Amino acid sequence: MNDSASTSAAAAPAPVVASRLMVPLALFSLYIIWGSTYLGIRFALESYPPFLLAGVRFICAGLLLFGVLRLLGHAMPTRLQWRNAAITGTLLLGFGNGLVCFAEQRVSSGIAAVAVASMPLFAALFSGMYGEWPSRRETVGLVIGFVGVVVLNLGSGLSGSRIGALALIVAAMSWAFGSAWSRRQVMPAGPMNTAAQMLCASVALLIVGYLTGEKMPAHPTLRATGALIYLAIFGSIIAFSAYLYVLKHARPALATSYAYVNPPVAVLFGVLLAGETVGPYDLAGMAIILVGVGAITLAKQRRGAR
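> Honestly, the overall build of the protein in this entry has me stumped. Any pointers?
When helices and strands are counted, the protein shows 14 helices and zero strands. Burial statistics for the protein: of 306 residues in total, 51% are counted as buried. Considering only intrachain contacts with a sequence separation of at least 6, the fraction spanning at least 24 residues in the protein is 90%. Of the roughly 14900 Å² of accessible surface on the protein, a fraction of 70% belongs to carbon and sulfur atoms.

> Explain the environment of T90 here, please?
Structurally, T90 is set in helix α4 (residues 79-103). Each C-alpha atom, one on T90 and one on M198, is 8.7 Å from the other, the two residues being 108 residues apart in sequence. What T90 contacts, discounting residues up to four positions off in sequence, is F95, A201 and A204. Here the side chain of T90 touches A86 through a polar contact of 2.7 Å, landing on its backbone oxygen.

> Teacher, can you tell me more about the pattern of salt bridges here?
Between side chains of opposite charge, a pair can form when the charged atoms approach closely. Within this structure, the stated rule accounts for two salt bridges. Of the charged contacts in the structure, one is a salt bridge between E276 and R42, with a shortest N-O distance of 2.6 Å. Within this pair, whereas E276 is found in the loop between α13 (258-274) and α14 (280-305), its partner R42 is found in helix α2 (residues 13-44), the two being separated by 234 residues in sequence. Overall, E276 belongs to the buried group, its relative accessible area being 9%. Judged by relative accessible area, which is 30%, R42 ranks as partly exposed. E46 is the partner of R223 in a salt bridge, and the nearest nitrogen-oxygen pair spans 2.1 Å.

> Can you walk me through the packing of helix α3 (residues 50-71) against helix α10 (residues 191-211) in this structure?
Packed helices, taken two at a time, are described by their axes: the angle between them and the distance between them. Relative orientation of the contacting elements α3 and α10 amounts to 150°, with a least axis distance of 7 Å. Here α10 runs roughly antiparallel to α3, going by the angle between their axes. Note on packing geometry: the crossing formed by α3 with α10 is left-handed. Of the residues belonging to the contact of α3 with α10, the class tally is 20 nonpolar, five polar and one charged.

> Help me understand the environment of N84, please; the structure alone is not making it clear to me.
Structurally, N84 can be placed in helix α4. By relative accessible area, N84 is classed as buried at 1%. Between the alpha carbons of N84 and V186 there is a distance of 7.0 Å; along the sequence they are 102 residues apart. Excluding anything up to four places from it in sequence, N84 contacts W181, Q185, V186 and M187. At 2.7 Å, the side chain of N84 and the side chain of R83 are in polar contact.

> How should the packing of aromatic side chains be read in this particular structure?
Note on aromatic pairs: each is described by the distance of the centres and the angle between the planes. One pass over the structure, following the stated rule, counts five aromatic pairs. When the ring of F66 is compared with that of W82, the centres are 6.3 Å apart and the planes differ by 45°; the resulting orientation is tilted. Of this pair, F66 sits in helix α3 while W82 sits in helix α4, placing them 16 residues apart in sequence. Looking at W82, the relative accessible area reads 24%, which means it is partly exposed. A cation over a ring is seen here: R106 above F102, with NZ or CZ 4.3 Å from the ring centre.

> Looking at this structure, I do not really get the nonpolar core. What am I missing?
Across soluble globular proteins, nonpolar side chains show a tendency to be buried alongside one another. I41, L53 and L168 are the most contacted members of the largest nonpolar core, which has 46 residues in total. Taken together, the elements giving at least two residues each to this core come down to α2, α3, α4, α5 (109-116), α9 (162-182), α10 and α11 (222-249). By residue number, the principal contributor to this core is α3, which donates 10 residues. Those residues in contact with I41 that lie beyond four places of it in its chain are L53, R57, N97, V100, C101, E104 and L231. Of all hydrophobic cores here, the second largest spans 20 residues; its members include L121, A172, A180 and L290.

So, how was this worked out
Residues numbered from 1 in each chain as written. Predicted model: local features only at pLDDT ≥ 70, side-chain atom pairs only at ≥ 80, totals over all residues. Heavy atoms only, no water. Helix = DSSP H or I, 4+ residues; strand = E, 2+ residues; numbered from the N terminus. Buried < 20%, exposed > 50% of the residue type's maximum accessible area, 1.4 Å probe, protein only. Contact = heavy atoms within 4.5 Å. Areas by Shrake-Rupley, 256 points an atom, 1.4 Å probe, with all protein chains shown as cover. Polar contact = N/O pair within 3.5 Å; in protein donor to acceptor, adjacent residues only side chain to side chain. Salt bridge = Lys/Arg side-chain N within 4 Å of Asp/Glu carboxyl O. Axes fitted to C-alpha atoms, helices over the stretch in contact; angles between N-to-C directions. Parallel < 35°, antiparallel > 145°, perpendicular 65-115°, else oblique. Left-handed = near helix turned anticlockwise from the far one by under 90°. Nonpolar A, V, L, I, M, F, W, Y, C, P; charged D, E, K, R; others polar. Phe/Tyr/Trp six-rings, centres within 6.5 Å; stacked < 30°, edge-to-face > 60°. Lys NZ or Arg CZ within 6 Å of the ring centre and 35° of its normal. Core = buried A, V, L, I, M, F, W, Y, C linked by side-chain atoms within 4.5 Å.

Structure, rendered in structure tokens:
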């Protein structure tokens, strides 16, 4: 009896030790990979047009993930789940990622990441549509964040391209609205939700690309094709799997901490590997936006703890 108990006690910490090791590794990959995808998009745009780039990325990643999940025995989504996945995927990946690709033809990858970091600000506002109005502390965070967006638009990074700036703001708003809407819908279970959204979004992106006259390149550069493969495998599958692992084994606030880390990582990659420049208004806007997002997150944590 005692031997059995001691054996169980000795074996019990193994999953805990594995979790303590894997969570930091998963977070590190999440910070680096998702932070680097903005530069990956810029490199891929050297040969591929924006909407077809996003469409090809998600159809390849979606088919691969969907096939693996089906082989592992995951159930097919129902008709209602496919519909909801199509709406959510179009908002998050179609508008959200497609417009980022469109904007990166006109603005640097680092500035694109900073602008998209305003997404939690819009998410707090859209939650009010469902009766979850921001608290007083969250409202302070919203005000700070929108001041940061204004400052960012004063800098050379966005002021030189109003179309690019508008595309990034719409991308952040679409991602935020899609996130708020999908939380109240019947969605496919687990990673099948991601696969279904990627497949549905890819169809919308490919249609938009062809309707706007985009064409696949006859002779893409090796760097552009490598970036596309990187975005599909690392950005769309590996990083998201890491996110799901952290979400399951750590606090939600830790899992969503990528929103703070990705912008400076993207700026750093852009400066070191692509020779991008960042002005004082851009740095100030990034700092103010991140302070606003942090204030909202801390306010939600305090409200949830009550």
